[in-house]
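Residues per chain, in single letters:
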Amino acid sequence: MIKLKEKLYEKIVVGRETVTRLVKEHGDVKIGEVTVAQAIGGMRGVKSLVTDISYLDPEEGIRFRGYTIPETLEKLPKVPGEEMPYVEGHLYLLLTGEIPTSEDVHEIAELFKQRQHVPQYVIDVLRAMPTDSHPMTMFSVAIASMQRESAFVKAYNSGVSKYEYWEPTFEDGLSLLAKLPGIASYIFRMKYRSDVIIPGNPELDMGGNFAHMMGVPKPYDDVARLYFILHSDHESGNVSAHTGHLVASALSDLYYSISSMINGLAGPLHGLANQEVLRWIQGVREKMGGQVPTEEEMRQFVWDTLNSGQVIPGFGHAVLRKTDPRYMAQREFCLKHLPDDELFKYVDVLFRVVPPVLREQGKAKNPWPNVDAQSGVIQWYYGVKEYDFYTVLFGIGRALGVVSNIIWDRALGFPLERPKSLTTHMLEEIVQQQTAGV
Ligand code: HAX
């Protein structure tokens, strides 16, 4: 048996005991209240989801299984001779909560190698799509097209017990994750590199193989590893993670769930913001004739965008109230590898200018930069200038976290998600009753 699966099973037994005890013995304990503003306002802050894979503290930022980003990057086994850890090791951490040994990492790397081949029919589907389809549309369609491969569906149709649902879901997760770098790089090369496709190299780790198939030299392999790890999980209420969980809660398989996750990620208020940051900067760059704007000039560009009723992409967050540590990790990478890059200087000016302007405007609860403000600059520097591809990179990373969450959803027997809705008239009645009661 796969060692990772054995380890996972040990943890699942403990996890099942915990959730059974919590529901049986403490099911009525209140963990929060819901206000009218929260019900109308996108459920901000409503505590109604459960995950152990990661936790987002508004002040500190994300912790993966209890580890901050610097701790994660420091503790995970590194690819020999490289700066960044194995993405495979990060998946082990997300799934089990433990730092893997190099043997654990190599087991996953080996499983990925066995499963990385992208079926020809997926390529045919991509080729049949209009050439101006957005890369995220292509990515979503390619994933959905593989639904016929689902081990979960086969097991479900043959009457597997619900206590075993997690096992074929685990199989689907490994098979799907192994193929995502190949599919993504295929889309990139087909669309933007004259259709010259580079076959995968099974000797390489996930990040290394992705860089190889993209046709981008070192240290892009480390960029890929850093990206996939940073974007992997952000607890489970964000649009992409929540969509994946919600769709999976109907017992839709991982192919349906991850394709839906990609669709949620493709919105400009979420993952597409990394594309939008580059689009916004290019607009400024054109107006500046290539010159880096002064802080005063940049302030005016920011105000012009706000005054035209648009958001400043890459700034603000629904939960975070400080600069995103995912932004800081990428900023450190930029300071080390591309300190004199022109676009990095733009982003640096924005870092100083945007927060005070957003504060002065007085609307955004969090004026600080998020992960998307910095990520496109690194891609641009290494020659991946087609910014409508950037959210696909986010999608490969996010799939690691959402797949891990869905395997655990199945293991813990989380039920169909079905919150209750009210009409606005009912809200008015509740308000009247409570005001009268005061
Ligand atoms: N620029 C301008 N206005 C902003 C803003 C920004 N960057 N961030 C928030 N605001 C505005 C909101 O639009 C809202 O305006 P209205 O009252 O007119 O509706 C007001 O400030 C209050 O919003 P909030 O409570 O601070 O923020 P939300 O939780 O509603 O939204 C968003 C969080 C991330 C969607 C928001 O900050 C935003 O639109 N940012 C720009 C887009 C972006 O960078 N998205 C990526 C976020 C990180 C992520 O998920 N990555 O994938």
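Above this text you will find the structure in question.
Below you will find a few notes about this structure. (Residues numbered from 1 in each chain as written. Predicted model: local features only at pLDDT ≥ 70, side-chain atom pairs only at ≥ 80, totals over all residues. Heavy atoms only, no water.)

As a further point, take the packing of aromatic side chains. Following the criterion strictly, the structure yields ten aromatic pairs and no others. Arranged with centres 6.2 Å apart and planes meeting at 10°, the rings of Tyr 9 and Trp 166 form a pair that is stacked. A residue pair is termed long-range when its members are at least 10 positions apart, and Tyr 9 in helix α1 (residues 3-26) and Trp 166 in helix α9 (residues 166-192) qualify at 157 residues. Take Trp 166: its relative accessible area is 1%, and that puts it in the buried class. Three or more aromatic residues joined by ring pairs make a cluster, and in this case those are Tyr 9, Trp 166 and Phe 170. Above the plane of the ring of Phe 152 lies Arg 410, whose end atom (NZ or CZ) is 4.5 Å from the centre. (Phe/Tyr/Trp six-rings, centres within 6.5 Å; stacked < 30°, edge-to-face > 60°. Helix = DSSP H or I, 4+ residues; strand = E, 2+ residues; numbered from the N terminus. Buried < 20%, exposed > 50% of the residue type's maximum accessible area, 1.4 Å probe, protein only. Lys NZ or Arg CZ within 6 Å of the ring centre and 35° of its normal.)

The next point concerns the packing of helix α6 (residues 120-128) against α9. Between α6 and α9, the shortest axis-to-axis distance is 11 Å and the interhelical angle comes to 35°. Judged by the sense of rotation from one axis to the other, the crossing of α6 with α9 is right-handed. Together, Ile 123, Leu 126 and Arg 127 of α6 and Ile 183, Tyr 186, Ile 187 and Met 190 of α9 make up the contact between the two elements. Taken together, the residues of the contact of α6 with α9 break down into six nonpolar, no polar and one charged. (Axes fitted to C-alpha atoms, helices over the stretch in contact; angles between N-to-C directions. Left-handed = near helix turned anticlockwise from the far one by under 90°. Contact = heavy atoms within 4.5 Å. Nonpolar A, V, L, I, M, F, W, Y, C, P; charged D, E, K, R; others polar.)

This paragraph deals with helix α11 (residues 220-230). With respect to burial, α11 is a largely interior element, eleven of its eleven residues being buried. All of the buried residues in α11 are Tyr 220, Asp 221, Asp 222, Val 223, Ala 224, Arg 225, Leu 226, Tyr 227, Phe 228, Ile 229 and Leu 230.

Phe 139 and Tyr 220 are the most contacted members of the largest nonpolar core, which has 118 residues in total. A per-element tally of this core places α9 first, with 14 residues. Apart from residues no more than four positions distant in its own chain, Tyr 220 is found in contact with Phe 210, Ala 211, Met 214, Gln 379, Tyr 382, Val 384 and Leu 393. (Core = buried A, V, L, I, M, F, W, Y, C linked by side-chain atoms within 4.5 Å.)

Counted under the stated rule, the structure contains two cavities of 30 Å³ or more. Approximately 80 Å³ is the volume found for the largest cavity. Taken together, Leu 49, Val 50, Thr 51, Ser 236, Ala 241, His 245, Val 402, Asn 405, Ile 406 and Asp 409 form the lining of the largest cavity. Elements with a contribution of two residues or more to the lining of the largest cavity: α12 (239-249) and α19 (390-411). The biggest single contributor to the lining of the largest cavity is α19, with four residues. Roughly 40 Å³ of internal volume is contained in the second largest cavity. In terms of lining residues, the second largest cavity is bounded by Val 277, Trp 280, Ile 281, Ile 312, Pro 313, Phe 315, Leu 350 and Ala 373. Sorting elements by how many residues they give to the lining of the second largest cavity places helix α14 (residues 273-287) first, with three residues. Looking at the lining of the second largest cavity residue by residue, the class counts come to eight nonpolar, no polar and no charged. (1 Å grid on protein atoms, 1.4 Å probe; cavity = no way out; pocket = protein on both sides within 12 Å on 5 of 7 lines; lining within 4 Å. Points joined across faces, edges and corners; volume = space filled by probe spheres on them.)

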